[in-house]
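Coordinates in review
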Amino acid sequence: MASDYNANTGQYNSIGFWPTGATVLSAQANYDFFTKTTTYKSHVTDALNTAFSVNAHYDPFGYNDDAMWWATAAYYAYRAYGDTNLLNHAIDVWTRVSAFQITSAEAASGTVPGKSFTIQGTCDGASMVGGVFWRPVADDTASTLSPLGTLFMALSAYLAQQSGSATYQNAATAAGNWIKNANKNAAGLVLDTIHPNDCSRSPADWLFTYNSGKATNVAAAGMKNAPWQGSNGVITEGASPNSNGDGVYFKSVWVRALNELFRANNDQSGIAILAHSYIDVQYNAVLELAANGSTYSSSWPGPPQGFTGWGQAAALDVLVSAITPTLSPGLGSVCRMGVANRAAIYIHS
């Protein structure tokens, strides 16, 4: 993928803006964090700084979720390298997006600063407090989104852990409560969208992997009983051998979120064992069903195919997440030979 990188924009041309931050740069930073190396420090730092310099708040297109993917990548890079400039990028984006999280006062009054329409304080009996608007523009009524809510919740939690600030902790709690109370189905799977101006929703079958990885009970439901995987547990979502598309990358974000969940519960607890085993299933599928040498199909159940940038990028989080248990005590005693080397060789290709 190295030849696909555009140093003038900080992104990979064949996969586009948000997936560069959401998959490749995040995975490269996490590889260094997990292996305690600086193999990708120069590249990741340069890419994140370049993108921030040419796109204010990491937001060239006016979508809060695009900005949050890059802000989260910047936090991962800060975590790996201790670069406070990258931490400040993440804080900058968080500060901007936090203005579009619905507060108790806004839900009560029905008005949101920066929005030119009124909102409903509750939808289907559940409070809209904590939901985050998709776009930072006045007249866009489209939605509070679960993927944005989970992104905002996760970055808020990371910043709370880093700083000890109750501001970040309260924002994370509010976002989590909104997802839990207002935007899950009866099976415990996270739904996609609520439009707070009229409480209309996305279709009930809009169920995507990346909505569900940030909370323990939701993640458990997503690993055990979800429409995005086959009976063997291999994720089928985002199989796109002939064209790039957003759905290709959802599953890699899901795997990375499960790995963070595993790291936070790295013991013999049920959720840790489940996450560890689920990542194993995807890792084995990518290597045994989707691989053609060091080329990977975006269809993890197979068959293998020729090189595509999106297939490579989608596989990257699986290969990097598989490193974590080999470096950890307890469950990590289950060692996968050569995992770190395989991921490093892949990233350089």
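Residues numbered from 1 in each chain as written. Predicted model: local features only at pLDDT ≥ 70, side-chain atom pairs only at ≥ 80, totals over all residues. Heavy atoms only, no water.

1. A word on the sheet that holds strand E7 (residues 200-201)
Test applied: At least two bridges found by DSSP between two strands is the condition for calling them paired. Labels follow the DSSP assignment, with helices taken as runs of H or I lasting at least four residues and strands as runs of E lasting at least two, numbered in each case from the N terminus.
Overall, antiparallel pairing links the three strands, which are arranged E5-E6-E7 in an open sheet. In this open sheet, the two edge strands, each paired with only one partner strand, are strand E5 (144-145) and E7. Strand direction decides the pairing type here: E5 and strand E6 (residues 193-195), joined by two bridges, are antiparallel. Its bridge partner being in E6, Thr144 is matched across the sheet by Ile194.

2. Structural notes on the packing of helix H9 (residues 247-264) against helix H11 (residues 309-321)
Note the cut-off: Axis geometry follows a simple rule: fit a line to the C-alpha atoms, using only the stretch in contact for helices, then measure angles between N-to-C directions, giving values from 0 to 180 degrees. The labels follow the angle: roughly parallel below 35 degrees, roughly antiparallel above 145, roughly perpendicular from 65 to 115, and oblique for the rest. Note on contacts: a residue pair qualifies if any of its non-hydrogen atoms lie within 4.5 Å across the two residues. Basically, the charged four are Asp, Glu, Lys and Arg, the nonpolar ten are Ala, Val, Leu, Ile, Met, Phe, Trp, Tyr, Cys and Pro, and anything else, Gly included, counts as polar.
Running from N to C, H9 and H11 cross one another at 10°; their axes reach a closest spacing of 9 Å. Accordingly, the angle class assigned to the pair H9 and H11 is roughly parallel. Touching Val248, Tyr249, Ser252, Val255, Arg256 and Asn259 of H9 are Trp310, Ala313, Ala314, Asp317, Val318 and Ser321, all from H11. Along the lines of polarity and charge, the residues of the contact of H9 with H11 split into seven nonpolar, three polar and two charged.

3. Focus on the layout of surface pockets
Keep this limit in mind: Cavities and pockets were defined on a 1 Å grid built over protein atoms only: a cavity is a set of grid points that admits a 1.4 Å probe from which the probe cannot escape, a pocket is an open set flanked by protein on both sides within 12 Å along at least five of seven lines, and lining residues are those with an atom within 4 Å of any such point. Grid points are joined across faces, edges and corners, and a volume is the space filled by probe spheres set on the points.
Each pocket or cavity is described by its volume, and for the second largest pocket that value is around 370 Å³. Asp65, Trp134, Leu145, Tyr210 and Asp246 are the residues nearest the centre of the second largest pocket, which is lined by 19 residues in total. For the lining of the second largest pocket, the secondary-structure elements that each account for two or more residues are helix H3 (64-81) and E6. Within the lining of the second largest pocket, the residues separate by chemical class into 11 nonpolar, four polar and four charged.

4. A closer look at the environment of Ala105
To keep it simple, the criterion reads: Partly exposed residues are those whose accessible area sits between 20% and 50% of the maximum for their type, while under 20% is buried and over 50% is exposed, using a 1.4 Å probe and protein chains only.
Examined against the element boundaries, Ala105 turns out to sit in helix H5 (residues 104-109). For Ala105, a relative accessible area of 56% puts it in the exposed group. Note: C-alpha distance between Ala105 and Val129 (24 residues apart in sequence) is 8.8 Å.

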